[in-house]
Amino acid sequence: AFFATRCSDDSSSAGLPGTGGPINDTDVFLVKNGTVQQNMAKLLEMIGGISAFINPQDIVVLKCNGQWPNQGYTNTECIKYLTEAILSIPGFSGEVLICDNIQNASSDTSRGFLASAENRVHNWADHNWTTLAGEFQASGKPVAVYRWQNDYGPRKTSPADGAGWVREYFQFHGNTVYLSYPIFESPLTPGRLIDMKNGVWENGAYTGRRVKTIFIPTLNNHGWGSEDYAGITSAIKCFFGATEIHTGDDATVTLDGNSCRHIHSATYTGSQAGYAGELAARYMLNMYRPVLFITCAVWSGYESR
């Protein structure tokens, strides 16, 4: 099954043609019982086509879930057919970038970007994310992977400061907490900086070209063994890979002179899983808002499911 959720655009892209327009309520669509290709095609048809959200010149970030092995990372075949739909937009001149921050995990070959054959058995045997992007590039298509990495250096305020993370510090349920979003160089166009909130920066200025983000989480029930301590996290958990999580799950870290907690240590670690929804909402208000969520319910769950 696939779920699609479309939300009203953030203020930075409101009024632009092809963004889907302002939607006062959240619309949710469900497709099931077909192949991955059939389900994706039907889902995109139901939401009015991908060009209702993506303009031909946009830089498109597919923010996937890459942290868990096997079926736990976003299904690669889902990514393939969504990418093909974006590339088929008439006159598409942008880029499609497959991204996530898997929090500096060392066992990369078990996860989406570099998943080895034995870690694709319950996902898609043909490709991991990197080889999929390579196949597109080999046919001349502007598709690449980019793995965001935590940074212990000073926060950035704009692309004029170079690549890095824009951070916000605030008080949250008695703790100083931070959220962040990345500014990074396109792996396809040297010198092009991707500002997830404000757009594309080249030659010392914003170009006016937009960055559109589609979150593609799995419908993953989150936990160990019985998998019931946090329940179905899905799109909420997707925000954990959109920001930085320094030094481990339960850490308090010093950044920019602030002793603070990150999105994990401020929520799940403190046995307050519900707080994660509050921080996801804050992220969409103060960082950036995805134009679309497409949830892949394809062999989902970390343990036996």
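Residues numbered from 1 in each chain as written. Predicted model: local features only at pLDDT ≥ 70, side-chain atom pairs only at ≥ 80, totals over all residues. Heavy atoms only, no water.

Trainee: Got a sec to walk through the nonpolar core? Specific residues and values, please.
Mentor: Among the nonpolar cores identified, the biggest contains 42 residues, and Ile50, Ile54, Leu62, Leu82, Ile86, Ile214 and Ile294 are the most heavily contacted of them. Looking at this core, the element that brings in the most residues is helix α2 (residues 76–87), giving 7 residues. Excluding residues that lie within four positions of it along the chain, Leu82 makes contacts with Met40, Leu44, Ile50, Leu62, Ile214, Ile216 and Ile294. Formed by 38 residues, the second largest nonpolar core is a distinct cluster that contains Phe184, Ile263, Tyr268 and Tyr288. (Core = buried A, V, L, I, M, F, W, Y, C linked by side-chain atoms within 4.5 Å. Buried < 20%, exposed > 50% of the residue type's maximum accessible area, 1.4 Å probe, protein only. Helix = DSSP H or I, 4+ residues; strand = E, 2+ residues; numbered from the N terminus. Contact = heavy atoms within 4.5 Å.)

Trainee: How would you summarise the side chain of Ser110 if you had to cite specific residues and measurements?
Mentor: Considering the arrangement of structural elements, one finds Ser110 in the loop between β4 (95–100) and α3 (129–138). In contact with Ser110, not counting residues within four places along its chain, are Trp68, Pro69, Asn70, Tyr73, Ala115 and Asn119.

Trainee: Outline the pattern of salt bridges, supporting the account with residue identities and numerical values.
Mentor: The final tally for this structure, using the stated rule, is 10 salt bridges. One salt bridge connects Lys212 with Asp58, and the closest N-O pair in it is separated by 2.8 Å. In this pair, Lys212 sits in strand β11 (residues 211–216) while Asp58 sits in the loop between α1 (36–46) and β3 (59–64), placing the two residues 154 residues apart along the sequence. A residue is classified by how much of its surface remains accessible, and Lys212, at 2% relative accessible area, is buried. In this structure Asp58 comes out as buried when scored by relative accessible area, which is 0%. Lys63 is paired through a salt bridge with Asp100; the nearest N and O atoms lie 2.7 Å apart. One end of the pair, Lys63, is in strand β3; the other, Asp100, is in strand β4, and 37 residues separate them in sequence. For the pair Lys63 and Asp100, a shared accessibility class is recorded, and that class is buried. One salt-bridge network, held together by shared partners, links Glu95, Arg192 and Glu202. (Salt bridge = Lys/Arg side-chain N within 4 Å of Asp/Glu carboxyl O.)

Trainee: Would you mind going over unusual backbone geometry in detail, with residue names and values included?
Mentor: The phi torsion at Asn33 lies on the positive side, around 75°, for a residue other than glycine. Along the polypeptide, Asn33 turns up in the loop between β2 (27–31) and α1. Taking the relative accessible area as the measure of exposure, Asn33 reaches 74% and is therefore exposed. Positive phi, normally seen in glycine, also occurs at Asp256, with a value near 50°.

Trainee: Can you break down the pairing of β11 residue by residue, with the values?
Mentor: Regular strands place their side chains on alternate faces of the sheet. Across the 6 residues of β11, 6 count as buried, placing the element largely inside the fold. Judged by which residues are buried, β11 turns out to be covered on both faces: Val211, Thr213 and Phe215 on one side and Lys212, Ile214 and Ile216 on the other are all buried. By the bridge criterion, 6 bridges tie β3 to β11 in an arrangement that is parallel. Bridge pairing links Cys64 to Ile216 in β11. One ladder, built from 2 bridges, connects β11 with strand β16 (residues 292–296); its direction is parallel. Within β16, the position partnered with Ile214 by the bridge is Leu292. (Pairing = 2+ DSSP bridges.)

Trainee: Let's hear about the environment of Ala297: which residues, and what values?
Mentor: With respect to the helices, strands and loops of the structure, Ala297 is situated in the segment after β16. Between the C-alpha atom of Ala297 and that of Ser234, which follows or precedes it by 63 residues, the distance is 9.5 Å.

Trainee: Provide a residue-level description of the packing of aromatic side chains, including the pertinent values.
Mentor: We describe a pair of aromatic rings using the distance from one ring centre to the other and the angle between the two ring planes. Summed over the entire model, instances satisfying the criterion amount to 15 aromatic pairs. Note on Phe172 and Tyr275: the rings are 5.6 Å apart at their centroids and 80° apart in plane angle, and the pair reads as edge-to-face. In this pair, Phe172 is assigned in strand β6 (residues 164–172) and Tyr275 in helix α5 (residues 275–286), connecting sequence segments 103 residues apart. Summarising the burial analysis for this pair, Phe172 and Tyr275 share the class buried. Ring geometry for Phe239 versus Tyr283: centroids 5.5 Å apart, planes at 65°, classification edge-to-face. Of the two residues, Phe239 sits in the loop between α4 (234–238) and β14 (252–255) while Tyr283 sits in helix α5, which places them 44 residues apart along the sequence. Each member of the pair, Phe239 as well as Tyr283, is classed as buried. Through successive ring pairs, a cluster of aromatic residues spans Tyr181, Phe215, Phe239, Tyr283, Tyr288 and Phe293. Its end group placed over the ring of Phe215, Lys63 keeps NZ or CZ at 5.9 Å from the ring centre. The ring of Phe170 has Arg282 lying over it, and the distance from NZ or CZ to the ring centre is 3.7 Å. (Phe/Tyr/Trp six-rings, centres within 6.5 Å; stacked < 30°, edge-to-face > 60°. Lys NZ or Arg CZ within 6 Å of the ring centre and 35° of its normal.)

Trainee: Could you give me a rundown of the side chain of His262, with the residues and numbers involved?
Mentor: Topologically, His262 is positioned in the loop between β15 (258–261) and α5. Sequence-distant contacts of His262, defined by excluding residues within four places in its chain, comprise Val177, Tyr178, Glu244, Ile245, His246, Gly248, Asp249 and Ala251.

Trainee: A description of α5 should follow, citing residues and the corresponding values.
Mentor: The first and last C-alpha atoms of α5 sit 17 Å apart over 12 residues, in line with the 16 Å expected at 1.5 Å per residue. Every buried residue of α5 is accounted for by Tyr275, Ala276, Leu279, Ala280 and Tyr283. Buried residues of α5, viewed axially, fall in a sector of 140°; they line one side. Its buried side turned inward, α5 meets β6, β7 (175–185) and α4. (Expected span 1.5 Å × (residues − 1). Arc of directions from axis to C-beta.)

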